[in-house]
Every structure is written in C-alpha cells, then in structure tokens.
Amino acid sequence: MNKTSRLRERFVEARSHSEKICEPLEIEDYVPQPMVDVSPPKWHLGHTTWFFEAFVLEPYSKGYQLYHDDFAYLFNSYYNNAGERVLRPNRGLMSRPPVREVMAYRAYVTEQMLDFLDKNPDQEVWDVIEIGINHEQQHQELLVYDIKYILGNQPTFPVYGEGFSLSQEVKKGFVKVEGGVYAIGASGDGFCYDNELGQHEVLIRPFEIAENLVTNGEFLEFIEARGYQDFNYWLSEGWDYINKENITAPLYWHKHKGEWYSYTLEGFEMLDLSLPVQHISFYEAYAYAEWKGMRLPTEFEWEVAGDKLNWGQLWEWTYSAYLPYPGFEKAPGALGEYNGKFMSNQNVLRGASVATPKGHSRKTYRNFFHSSCRWLFSGFRLVK
C-alpha cells in the first residue's frame, strides 16, 4: 500500500469512528453542555470537520467552496489566528445548525478531502493532514468523556453501551528504578506532537513505583478515614476547591442506602472495589498519596519507568507542571496555538485510557489538564 492509500485509509477510519461513537445517542443528547469543560457531541463533529476545511481545503485545494459561511465562527475552538468564534461556554446554546446539517457538513468535507488526496499533495500538506487525523482522534476521546458526563448527569443514569470498561487491578508490588541520567522526549521518525520534542537528559534519583493503579477499594479507605475532611493531606488550592465545590468522593460515586455505587457507560452499578479509581482530580490524587505517606511520580520518572509498567487503563496524574522542553518552538500561525499556549497552570498526565485511540499510547505522550479536572478518564499510581 502506497503512502497516499495509507493516509486515505486512516483518514476515512478516523472520520467514520467519530460518528460511530455517537451512534448510541438520541438526537437530544447531541446538544447539552452541562459544564464549561464539556462540549456537545454535535460541536465535536462540527469542529473536527472545520479543522480539515480551515487548515487543508481552504489554503491548499484550489477552487474549494466553503460549505457555509457561518461554520468557521460556530466550530472554531481556540484558534485566534483563524478568526472570531462562539465562546466555549455557549456551545450548548447552539440548537442550530441541527444535527442533520452537521452530518451533511461532515459528508461534504470528507468527500472534498478524498478528492484532494487523490491529487497527491506535497509533504507540507501531508504533515497538516497527519495533524488533522490525530486531532480528530483526540476529540474522539473527549467525545467519550463528554458523553459520559452528559448521560451521567441525567436523573435516570441512562446506559450508553459497552466498549470502555476497566479491568480489575491485581495487587502487586513496586518496581525499582535505578538512578541515573535518562533521555526524555520523543525521537525517531514516528508521529509526535511538538510538546514531546526537544529530547533532553534528566537526572533521576532512585525510586520505586507501584505496578498497579490505586483501586476503588483503596481509595474508599481514604474516604472512610475522613481524608476529605482533613486539611493536612491537601494542597491549599485543592482544599479550597473541594470545600467550595462540596466534593467528598470521586466523580460519579453515589451512596445509596448505605452502599456505594458509580455511574459507568454501562449504567448505574455497585462500586467494584477491585477496579482502578477513576475521575480523580490531581488534588485528590495528591491528598491520597500524602495520606499513604508516599507521592505521585514526576512525568520524567513515569517515562523512565514506562517500559516496566502495565498502563493504558487510565491517564495517570504526575506531579509535573506542563512546561516546554528545552528548545521548544511553536509553529507559525494558528497551528502554533495547538499546544504551546496552554503551558501554564496545567499538570501532565502520562499513559493512556480505555478511550484513547490506537497510536496515541506512547510513553512520551504528554496529556495535560488543570489540577481540578475530574471528568477525564484519570487515575494514578504511587511512588516511594
């Protein structure tokens, strides 16, 4: 299979998979935005389409006709260089265009892209298309997060379906990692994001890292020990946050008739104590580690230990701020806004989750969210 055919196949698969994720939804599920961080599924479908239209078809496909003059305004996310846009908190107010029109937009742009790929674009365009495919795959994972939050805040806790279940964690021990100077960051010819580049050496002191993620049962012990009520375990900002938001358990946990339950995409179920605890903020992970007399790994320790660990169930919080590697350079124009401008007040997560698309599970991948975020598929492991 030649280069054009491979890229075409990957493009088609990415486009179809976004729609497949949405198949279990009712039409009414495509629009709600229960909180600012959650985007409506309809918006995700429009935004990932706009990305290809704005960054590939408009600049490179001669004679391309926009599907609709308003869609750039409706479906731009945060690219200031690409023009004005609907503010993020207002995405859920967009009852128009209807879902059928967004699907027609997707079909139009997909067809135009396939015609364009047949013209064998040059390497510069190939690189942008590669980013576009990976961008859509990132939104597929966000789609799963957002769909769960939308359904998980319904009074009847509706079932979405199978496909994103966690596996039980078998209690193991700790892996010893020798101290030394290690190379950190991406290398080689495979795809990576700009925030993974700038391979550099880091001095690591000897440490031991848990083979397994912290489980629901282990975290329940922290709750029953009144860990959420003891300020001694919490960062000041985290303590203020959980008290302001009245947080006393992980997201989606509910105590009903004296028993703990959790909402999953398969419905409202009794809490399985052997599953890894998920939907945890960095603040909660930090407090639990303090309670246990241990700590979270840095992102560099996690990367060094990655080959020795089983990972991929949940993104794992690290105790590392999201900062540029040495020599980091933003790309010019709108694509330079993709990662670099978020390098402030974010924490790095490493690994992958059950919702992570194939190809995004590499030990150098740097995911990042604010310390308070809980709706993502997040967990953690300990270091001593």
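Predicted model only: the values in this text are computed from it and were never measured.

Novice: Help me out: how do you make sense of the pattern of salt bridges in this one?
Specialist: Should their charged atoms come close, side chains of opposite charge can pair. For the structure shown, the criterion picks out 14 salt bridges. In this structure, Glu 136 and Arg 15 form a salt bridge, with 2.9 Å as the shortest nitrogen-oxygen distance. Linking Glu 136 in helix α5 (residues 123-152) with Arg 15 in helix α1 (residues 3-22), this pair joins segments that are 121 residues apart in sequence. With a closest N to O distance of 2.7 Å, Glu 218 and Lys 171 form a salt bridge. Here the residue Glu 218 occupies a position in helix α6 (residues 216-224), and Lys 171 occupies one in the loop between α5 and β1 (174-177), the gap between them amounting to 47 residues. Shared partners join several salt bridges into a network, and the residues in it are Arg 15, Glu 19, Arg 106 and Glu 136.

Novice: What's the story with the sheet that holds strand β8 (residues 315-321) in this structure? I'm lost.
Specialist: Picture the strands of a sheet paired through backbone hydrogen bonds; they go either parallel or antiparallel. On the basis of which strands lie adjacent, the open sheet formed by 4 strands has the order β10-β9-β8-β11 and mixed pairing. Where the open sheet ends on each side, the last strands, each with one partner, are β10 (367-369) and β11 (378-379). When β8 meets strand β9 (residues 347-351), the two strands line up antiparallel, connected through 4 bridges. Bridging across to β9, Glu 316 finds its partner in Arg 350. Each of β8 and β9 touches helix α8 (residues 282-291); the most contacted strand, β8, lies at about 85° to it.

Novice: How do you make sense of the UniProt feature "domain: DinB-like" (unreviewed entry) in the protein when you look at a structure like this?
Specialist: With numbering aligned to this structure, UniProt lists the feature "domain: DinB-like" (unreviewed entry) at residues 11-142. Helix makes up 58% of residues 11-142 and strand 0%, and the two end C-alpha atoms of the span are 18 Å apart.

Novice: I keep staring at the UniProt feature "domain: Sulfatase-modifying factor enzyme-like" (unreviewed entry) in the protein and nothing clicks. Help me out?
Specialist: In the numbering adopted here, UniProt assigns the feature "domain: Sulfatase-modifying factor enzyme-like" (unreviewed entry) to residues 173-305. Regarding residues 173-305, the helix share stands at 26% and the strand share at 24%, and the terminal C-alpha atoms are separated by 14 Å.

Novice: Is there a simple way to think about the packing of α1 against helix α2 (residues 41-60) in this case?
Specialist: Two quantities define a packed helix pair, namely the angle between the helix axes and the distance between the axes. The contact between α1 and α2 brings their axes to 10 Å, and the two run at 165°. On the basis of their axis angle, the class for α1 and α2 is roughly antiparallel. Handedness of the α1/α2 crossing: left-handed. Mapping the contact onto sequence places Phe 11, Arg 15, Ser 18, Glu 19 and Cys 22 in α1 and Pro 41, Leu 45, Thr 48, Thr 49 and Phe 52 in α2. Of the residues contributing to the contact of α1 with α2, the split by class is 5 nonpolar, 3 polar and 2 charged.

Novice: Can you walk me through the packing of aromatic side chains in this structure?
Specialist: Within this structure, the stated rule accounts for 53 aromatic pairs. With a centroid separation of 5.3 Å and 10° between ring planes, the pair formed by Tyr 261 and Phe 268 is classed as stacked. With a relative accessible area of 18%, Tyr 261 lands in the buried category. A network of ring pairs unites the aromatic residues Phe 11, Trp 50, Phe 51, Phe 52, Phe 55, Tyr 78, Tyr 79, Tyr 322, Phe 342 and Phe 368 as a single cluster. Above the face of the Trp 43 ring, Arg 91 is positioned so that its terminal group lies 3.7 Å from the ring centre. Here Lys 384 stacks its cationic end above the ring of Phe 174, 4.4 Å away from the centre of that ring.

Novice: Help me understand α6, please; the structure alone is not making it clear to me.
Specialist: Note on helix geometry: an α-helix contains 3.6 residues per turn, so any two residues three or four positions apart are oriented the same way. Counting buried residues in α6 gives 7 out of 9 residues, a clear majority hidden from the surface. Among the residues making up α6, those that are buried are Asn 216, Gly 217, Glu 218, Phe 219, Leu 220, Phe 222 and Ile 223. On its buried side, α6 packs onto β5 (253-256), β6 (259-264) and α8. Looking one or two residues past α6, Arg 226 carries a phi angle of roughly 65°, positive in sign.

Novice: Before we go on, may I ask you to explain the environment of Pro 250 in this structure?
Specialist: Along the polypeptide, Pro 250 turns up in the loop between α7 (236-244) and β5. Given the relative accessible area of 2%, Pro 250 is considered buried. Taking the C-alpha atoms as reference, Pro 250 lies 26 Å from Gly 306; in sequence the two are 56 residues apart. When sequence neighbours within four positions are dropped, the list of residues in contact with Pro 250 reads Phe 219, Ile 223, Tyr 228, Val 277, Gln 278, His 279, Ile 280, Glu 284 and Arg 374.

Novice: Help me out: how do you make sense of the packing of helix α4 (residues 99-117) against α5 in this one?
Specialist: Here α4 crosses α5 at 150°, and the two axes come no closer than 13 Å. Every pair of crossing elements has a handedness; the one defined by α4 and α5 is left-handed. Listed contacts from α5 to Arg 106, Met 113, Phe 116 and Leu 117 of α4 are Val 125, Ile 129 and Glu 136. Partitioning the contact of α4 with α5 into residue classes produces 5 nonpolar, no polar and 2 charged.

Procedures and definitions
The numbers attached to residues start from 1 for each chain and follow its sequence in the written order. Totals for whole chains, interfaces and linings use all residues, but because this is a predicted model, local features are given only for residues with pLDDT of at least 70 and pairs of side-chain atoms are given and counted only at 80 or more. The basis for the side-chain values is all heavy atoms of the structure; hydrogens and waters are excluded. Between Lys or Arg on one side and Asp or Glu on the other, a salt bridge is scored when a side-chain nitrogen of the former is within 4 Å of a carboxyl oxygen of the latter. Numbering of helices and strands runs from the N terminus, with a helix taken as a DSSP run of H or I at least four residues long and a strand as a DSSP run of E at least two residues long. Here the rule is simple: two strands pair whenever DSSP picks up at least two bridges between them. Only heavy atoms enter the contact rule, under which two residues are in contact if any of them lie within 4.5 Å. To get an axis, a line is fitted to the C-alpha atoms, and for a helix only the part in contact is used. The angle between two axes follows their N-to-C directions and goes from 0 to 180 degrees. UniProt positions are given in the numbering used here, feature names are shortened, and annotations may be inferred rather than shown by experiment. Each angle gets one of four labels, with under 35 degrees taken as roughly parallel, over 145 as roughly antiparallel, 65 to 115 as roughly perpendicular, and the rest as oblique. The crossing is said to be left-handed when, going from far helix to near helix, the turn is anticlockwise and less than a right angle, and right-handed when the turn is clockwise. Any residue that is not Ala, Val, Leu, Ile, Met, Phe, Trp, Tyr, Cys, Pro, Asp, Glu, Lys or Arg is counted as polar, Gly included; the first ten are nonpolar and the last four charged. Ring pairs shown here join Phe, Tyr and Trp side chains whose ring centres sit within 6.5 Å, with only the six-membered ring taken for Trp; geometry is labelled stacked below 30 degrees between planes, edge-to-face above 60, and tilted in between. The buried label goes to any residue with under 20% of its type's maximum accessible area, the exposed label to any with over 50%, and the partly exposed label to all in between, with areas taken from a 1.4 Å probe on protein chains only. In our convention, an over-ring charge means Lys NZ or Arg CZ found within 6 Å of a ring centre and within 35 degrees of that ring's normal.

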